[in-house]
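# Examining the three-dimensional arrangement
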Amino acid sequence: MKHSHHLSGSLHLTGKSRFIADDAPLQGMLHAKFLFSPVAHAEIISLDVRAASAFPGVYKVIGATDITGENQIGHIIKDEPLFPEKTIMYAWQPLAMVLAEDEQVAEAAVKLIKLSYKELKPIFDPLEADSCEEWYVPERKIESGDVVSALSKAPYKLKGITSSSGQEHFYMEAQSCRAIPFEDNRIMLYSATQSTMEVQEVVSHLLGIPAHDIIVDVPRLGGAFGGKERAATIWACMAALGAYVCKRPVQVYLSRHEDMHATGKRHPFVSLWEVGFDDEGRISAYDIQLLANGGAYSDLSVAILERAMFHSDNIYHIPDIRIRGRACRTNLPPNTAFRGFGAPQGIFVIESILEDIARQLNLDPIAIRNANAYKNGSLAPYGQEIVECQIPEIFSALVNNAEYHKLKAEVADFNLANSRFKRGLGIMPVKFGISFTTALLNQGSALIWVYIDGSVSVSTGGVEMGQELSTKVAVVVSRVLGIPIDKIRVESSNTQRVGNASPTAASTGSDINGNAARIAAEKIRECLREPAAKLLEQKYNLAVSQEELVFSQATVYPVTNPEHSLSFAELIRFAYVERIPLAAYGYYRTPDLWFDRDKGNGRPFHYYVYGAALAEVELDCLLGEHSLRKLFIVHENGQSLHPDIDLGQITGAAIQCYGWCTMEDLQWDAKGNYISANPSTYKIPGIRDLPEVLKVDILASLSKEASVFGSKATGEPPFVYGLAVFFALQAAVRAANPDATLSFPATPEALLKGLKSV
Ligand code: MTE
Ligand code: HPA
Ligand code: MOS
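Residues numbered from 1 in each chain as written. Chains lettered and ligands numbered in written order. Predicted model: local features only at pLDDT ≥ 70, side-chain atom pairs only at ≥ 80, totals over all residues. Heavy atoms only, no water.

Lining the immediate environment of ligand 1, one finds 17 residues, of which Ala224, Phe225, Met465, Gly509 and Gln649 sit closest. A distance of 3.1 Å separates an oxygen atom of ligand 1 from a polar side-chain atom of Gln467. Between ligand 1 and Thr508, the relevant distance is 3.2 Å, taken from an oxygen atom to a main-chain nitrogen or oxygen of the residue. Taken by itself ligand 1 offers 520 Å² of open surface, and the protein chains cover 92% of this. Of the residues in the shell around ligand 1, the class split is five nonpolar, 10 polar and two charged. (Near = heavy atom within 4 Å. Polar contact = N/O pair within 3.5 Å; in protein donor to acceptor, adjacent residues only side chain to side chain. Areas by Shrake-Rupley, 256 points an atom, 1.4 Å probe, with all protein chains shown as cover. Nonpolar A, V, L, I, M, F, W, Y, C, P; charged D, E, K, R; others polar.)

Okay, structure coming up:
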């Protein structure tokens, strides 16, 4: 099968793909602007909207008292009001919404709202929040063996604190939603969300109307990266409330500046750890406490903390291990899902530790990783058995592709000969667990219609956000029905066609929706066998058994008699005349998942994705600037549904992480005002930041555990590869200053500080 087909590619390239804010304004549509809180933590004394309401062109100013249901948008933990009534919890928290004929009027009116408040002491530091026991839920723990006694017996020990910082999602399409009132108090929401079900459910509670009165439709997102899994809900609620109260269409579309200020980001983590190891660098004991800086409301912080805990071992088997985690409430915008969902933060800690051990014992960074790696049959700290572990093959492919030993010698020679410029190598393996760790989310549905001309419409609960889920779903249906992809339309995600859809997240989009679509398509194919046999008999006077029919290349034929075929379109028309159903619903749930939170034990993942990366950098020790010379990636992927899309996902994810760990520097002032809310002060990687050599090797594998048609998820695992650059930079800094420490992110300032440290 050819894989080059990409359903959105030409639309994106020609600028024809449409996003919510591209749709023409509707008659009577109101535009929303918000009064955002000027402070991070305060008691509201009064909010006077009279002048704003009277401003010409303003239709209505909406606040907490306009809410017809509950002023509550928390989903799992109910701790987040749409509009705070008493306490402001973060700077740029929306306090009131102005609805006006156009955005300029709304903006002018916002300035007329009079807010008076009494400032409270904010907390931004997770260590401080932790010491005040500001947690959303009690401490979580995963434990295996006896870490205290193993630490006391270990020949060597190291102890430390490792931090990683936040990250702005920087999706191209800012948060948006258009709400349209329908007859009989129903509402249509075009929402830029990864989760139609969550939007429907939360809006239903907010307005106090049943879910079937709220229709959510997501045509496509201009990027999300986790930033619309939960964080889109508040803006959908705003639009829905406005439309419900005013009976007019309402559009919410944040500017980049507003979006950067008001929305939560990747969780910064602080981890306190102690590790025990022997003189070959084998880790026998690991005790880690992870603190997630969750921001003002719980959002997805507990699940993110949990995934960080599940990935604290990365690829290493550590016999005695204790992983404790606390998600801490601070006065920042609620931090939220971001590609990797905590896993990169957990993995970063153990990898930093391995680097330190390798340096202390003068061991090769790949050798020490191999020595500690899982072997098939060993158990992860939460009890899941490791099977089909590909780590040895991956490391050997990486060593070959990068000519590692030669490269290592070259780097050493270069560093001996140069003092201003230093080179470094960094290694970054990954084992990434696939499934929502909230087991109930691992289910999904699809609805397929075959129209009488043989063209096909596929709906799933999956959301297209650039990962090209739609193409992957089309690939699946195309294989089952034996028709080309261009005969298939993958529709918007719409609650009327597919309800109760889990968020498109946890990299499970193609596994869950692909499987649901496969099941629906198989049902249709099975129904087509009888009319196909009948038509073949009529047409060629052939006696054929239904079982031997092959659906391939837009035709149907008996396996023993391929020259006697029907076109798919001809068969469909006949099937319609014969009154055969030409639609089907498919339902899929991921098998064999369970997790006992109290015991910290179970099988949370359907399978793991494995891979590794190697980066080479050159650091200018005078300027603190670097160039990324080479990045090699070896990624194990089962039987890819679409290697070109996967290649895009792998490189995109790795470069996104490269940004996180070397460039993207979130800055707040002492009062919690975000001062890097602009692309001019917040640098994300651009095309010129790509490495001079970028080689991605996708290792096909026959995994029994993999998902639809033997494929594996690709969305998030490759993010982690970018951390190879951090460790390469740390190696370069240490080539100049052997005892240096490098702080995260490795910006030029951090690199210069590292060069001068100790
Ligand atoms: N790729 C693009 N282009 N845009 C995105 O927003 N989100 C990532 C990843 N790849 C994202 C992306 C995240 S966070 C996830 S969880 C997965 O895609 C979700 O889609 P999937 O499960 O279909 O891979
Ligand atoms: N990943 C992404 N989103 C989620 C998860 C997860 O593991 N659990 C709940 N929401
Ligand atoms: Mo992805 S962070 O699970 O949306």
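Here the focus is the site of ligand 2. Around ligand 2 sit Glu229, Arg307, Phe341, Phe436, Thr437, Thr438, Leu441 and Ala506, and those are all the residues in its vicinity. One of the side-chain nitrogen or oxygen atoms of Arg307 is found 3.0 Å away from an oxygen atom of ligand 2. Notes on ligand 2: free accessible area 260 Å², of which the protein chains cover 98%. Across the shell around ligand 2, the residue classes tally to four nonpolar, two polar and two charged.

Secondary-structure assignment places Asn331 in the loop between strand E15 (320-329) and helix H10 (343-361). It is 33 Å that separates the C-alpha atoms of Asn331 and Lys431, two residues lying 100 residues apart in sequence. Not counting the four nearest positions on each side in its chain, Asn331 is found in contact with Ala40, His41, Met89, Tyr90, Lys121, Pro122, Ile123 and Phe124. Side-chain polar atoms of Asn331 contact the backbone oxygen of Met89, separated by 2.9 Å. (Helix = DSSP H or I, 4+ residues; strand = E, 2+ residues; numbered from the N terminus. Contact = heavy atoms within 4.5 Å.)

Following the criterion strictly, the structure yields four cavities of 30 Å³ or more and no others. Roughly 120 Å³ of internal volume is contained in the largest cavity. As for the largest cavity, its lining consists of 14 residues, and the residues nearest its centre are Glu80, Ala231, Ile234, Asp299 and Pro334. The biggest single contributor to the lining of the largest cavity is helix H7 (residues 233-246), with three residues. (1 Å grid on protein atoms, 1.4 Å probe; cavity = no way out; pocket = protein on both sides within 12 Å on 5 of 7 lines; lining within 4 Å. Points joined across faces, edges and corners; volume = space filled by probe spheres on them.)

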